[in-house]
Structure formats: structure tokens, C-alpha cells
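# Descriptive structure summary
So you can see what is in the structure, the chains are spelled out below.
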Amino acid sequence: MAFSFQNGIRLASEEDDVGMSVTCSQISLASVNSIARMQYGNDQSFKSRLQQYFFDNYRSSLCIRIFNLFIKVLACFLYCVRVYKDSRYLPEFVYEEYKNKNYSADVFRWEYFWWVDRSFSLWLTQTIVAAISIAETFVIFYISYKGSVLRLLLTKEFLVECITSGVLLVTVFVPRWREVFVPIFLNSLLARSALQGMLNDFNRSAIFGQSALVRQIISLFSSLACLIFIGTCSIEHLQRAGDRKFDLFMSFYFCLVTLSTVGYGDLYPDTHPARLLVIAMILAASSSCLHRSKL
């Protein structure tokens, strides 16, 4: 009797412990759910799920930013391929209009500014990349919308995306414009923004942390790289419409020599738009250095 009584007490105590553990687990689960509801609310709409996937979840956000950076870098690479393969041919309807026109020295030939030599395969590849890029931008703007559409439309990212990707999508419906010039190299600005977002996600995920000095150095070098790349592509294209032709390497060399204040004088732009661009580059580099020195 004593043995069975003790066993009964032990079994009852074990059942109480199991019941208490189940109750505690239910309470902890309920507390987690309540915290999640406090953080995200009860809204389980498609937009809220996209917000959690694109912003709140640092792992998925990091993957999206890496993909975004890859798309922007790929667009810039395809632009360099287009420049490398450029044979300075004009579309037939443009050539027929300007073939009998005589130019004097140091005259900016606008037809070579607005029209470039782009093969169909390269145009198709650039258009596909542009469609992916602008679709991602519209999704991000959709989930970021909080009442001010105009403010979203006037952001730097949206304007650059429209210039670099929107024009290429328009050429799908207007085949005559498939060889129009599009400043796709401006995607380097969006690549810089994606890189900064990646660094923020790395900090959130605790994969590796950076000090404030490291972030400032990365920001400085990324800004300098964007300035040199945009200057290189811009000088090359503007000189394409002049008498003194620059390829990408010559333009890169000219930008480095100019921004480093060495100034050998062996290369110089011979068109007024290119000279104005050089002035803008020098002012932008000077203001950026002054801003970084204050920080």
C-alpha cells in the first residue's frame, strides 16, 4: 500500500510537471505571438508580407540588395561592352539626313551624341536587365508608399531608374529608337546605394561589424569610384561627337590625371560640352573632399 501510494504521488507530481511545462510553453508562444503582433500588427496583406521580406528580415533583405547590386553592375558592364563595340555608325535614317552636312573644326556633332551603334542582341540583353531593375524598383516603391507619391517620384533613385531603364523599355514599343543614347552608366549611383544598404544589412545580421571609420572609408572610395566611372563614360561619349575621339581607357586616364591635379596636358577635350563636364567633375570632387574632411 505504501509503495503504491508513493508511486501515485510520484505519477501525480510528474503529470503536474508536464502540465506546467505545457502551460509555460503555451504562455511563451502566446507572448511571442503578442510581440509579433505588436511589431507587425495583425495585417497579413500582400504588402505587409513584402515589407517583412524586403526590409524586416535582414537575410532576405541582404540577398535582395546583393542581387540589386549585381543587376546595376551588370548594366554598367553592358554599357562598357556597347562602347567597346561601337563602330560610330549612325542609323540609316539619321545618316541620310546628315551625310551632306559639312562641319567646321571643334563643332559638336549632335547626331553622334543622340545616336549610337548598338546591335540587336546587345539591345535585347540591356532591355531585359533594365526590365528586371525597374520592376524591382517599382516593388520597393510600392511597399515604401506612405501617402506621398510625389515625394517618391522625385527621389534620386527613381529618377535615375527612369533615365537608365525606362528609356530602354520605351524602345520596345518604338523600334526606331533602339539605337538612341541612354546614360546607363548612371546605374553606378544606384550600385553605390545598394552597397551601402548591404553594409547596413551586414551590421544587422551580425555577420561582421564595421566601425564608423571603416564605413566612412568604404563610402569615400565608392563615391570616388562612381565619380571616376561616370566621368570616364561621359567624357568618352561627349568626345565621340567631336574631332578628338577618346576610348574608355583614354577617358579613364584623363579623369585620373585631372582629378589628381597632375594635368600632363597630353589629352584634353575639344568640345564645349566636354569642357563643361570637366569643370563639373572638378567642382564635384572638391566639394566631396571638403565634405568628407568635415566629417
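Residues numbered from 1 in each chain as written. Predicted model: local features only at pLDDT ≥ 70, side-chain atom pairs only at ≥ 80, totals over all residues. Heavy atoms only, no water.

For the protein, an unreviewed UniProt entry supplies the name Potassium channel domain-containing protein and the organism Steinernema carpocapsae. Here the protein is described in UniProt, under the heading Subcellular location (unreviewed entry), as follows: "Membrane". (UniProt positions renumbered as here; feature names shortened; annotations may be inferred.)

So, on to the nonpolar core. The biggest cluster of nonpolar side chains holds 37 residues, and the ones touching the most others in it are Tyr79, Leu168, Ile184, Phe185, Ile235 and Phe254. Of all the secondary-structure elements, those providing two or more residues to this core are α3 (58-84), α5 (110-114), α6 (120-144), α8 (156-173), α10 (212-240), α11 (248-259) and α12 (272-294). By residue number, the principal contributor to this core is α3, which donates 5 residues. Viewed by domain, this core spans two of them, domain 1 (45-98 + 108-185) and domain 2 (211-294), each represented by three or more residues. Setting aside anything within four residues of it in sequence, one finds phenylalanine 185 in contact with Cys76, Tyr79, Phe229, Ile230, Cys233 and Ser234. Formed by 6 residues, the second largest nonpolar core is a distinct cluster that contains Leu62, Ala191, Met198 and Phe202. (Core = buried A, V, L, I, M, F, W, Y, C linked by side-chain atoms within 4.5 Å. Buried < 20%, exposed > 50% of the residue type's maximum accessible area, 1.4 Å probe, protein only. Helix = DSSP H or I, 4+ residues; strand = E, 2+ residues; numbered from the N terminus. Domains from an automatic or database assignment. Contact = heavy atoms within 4.5 Å.)

Counting across every chain of the model gives 9 aromatic pairs. Relative to phenylalanine 113, the ring of phenylalanine 108 lies with its centre 5.9 Å away and its plane at 55°, an arrangement referred to as tilted. Comparing phenylalanine 108 with phenylalanine 113, the two get one shared label, buried. Their ring planes at 55° and their centres at 6.2 Å tell us that phenylalanine 246 and phenylalanine 254 sit as a pair that is tilted. With a relative accessible area of 4%, phenylalanine 246 lands in the buried category. Members of the aromatic cluster, joined through ring pairs, are Phe108, Trp110, Phe113, Trp114 and Phe181. (Phe/Tyr/Trp six-rings, centres within 6.5 Å; stacked < 30°, edge-to-face > 60°.)

A word on the packing of α6 against α8. Two elements in contact, α6 and α8, have axes whose closest approach is 9 Å; the angle formed by their N-to-C orientations is 135°. When the interaxial angle is binned, α6 and α8 end up oblique. Like other packed secondary-structure pairs, α6 and α8 cross with a definite hand, here left-handed. Residue-level contacts link Trp123, Gln126, Thr127, Ala130, Ala131, Ser133, Ile134, Thr137, Phe138 and Phe141 of α6 to Phe158, Glu161, Ser165, Gly166, Leu168, Leu169, Thr171 and Val172 of α8. Among the residues forming the contact of α6 with α8, the class breakdown is 10 nonpolar, 7 polar and 1 charged. (Axes fitted to C-alpha atoms, helices over the stretch in contact; angles between N-to-C directions. Parallel < 35°, antiparallel > 145°, perpendicular 65-115°, else oblique. Left-handed = near helix turned anticlockwise from the far one by under 90°. Nonpolar A, V, L, I, M, F, W, Y, C, P; charged D, E, K, R; others polar.)

Bringing the state of the cysteines into the picture now. Within the structure shown, the criterion is met by 0 disulfides. No disulfide involves cysteine 233; its sulfur sits 5.0 Å from that of cysteine 80, the nearest cysteine. Cysteine cysteine 255 is unpaired, with the sulfur of cysteine 233 as its nearest cysteine sulfur at 8.9 Å. (Disulfide = S-S within 2.5 Å.)

It is worth spelling out α6 at this point. The first and last C-alpha atoms of α6 sit 36 Å apart over 25 residues, in line with the 36 Å expected at 1.5 Å per residue. Within α6, burial applies to Leu122, Trp123, Gln126, Thr127, Val129, Ala130, Ser133, Ile134, Glu136, Thr137, Phe141 and Ile143. (Expected span 1.5 Å × (residues − 1).)

Let's shift gears to the pattern of salt bridges. Enumeration over the complete set of coordinates arrives at 4 salt bridges. Here arginine 82 makes a salt bridge to aspartate 86, at a shortest N to O gap of 3.7 Å. One salt bridge in this structure joins arginine 109 and aspartate 243, with 2.9 Å as the shortest N-O distance. Placement of arginine 109 in the loop between α4 (92-98) and α5 and of aspartate 243 in the loop between α10 and α11 is noted, with a sequence separation of 134 residues between them. (Salt bridge = Lys/Arg side-chain N within 4 Å of Asp/Glu carboxyl O.)

To continue, consider α8. Given a rise of 1.5 Å per residue, 18 residues ought to cover 26 Å, and the 26 Å separating the end C-alpha atoms of α8 matches this to within 8%. Along its length, α8 shows its largest kink, about 35°, at cysteine 162. Listing the buried residues of α8 in full gives Phe158, Val160, Glu161, Thr164, Ser165, Gly166, Leu168 and Thr171. (Bend = angle between axes of the 7 residues up to and from the residue.)

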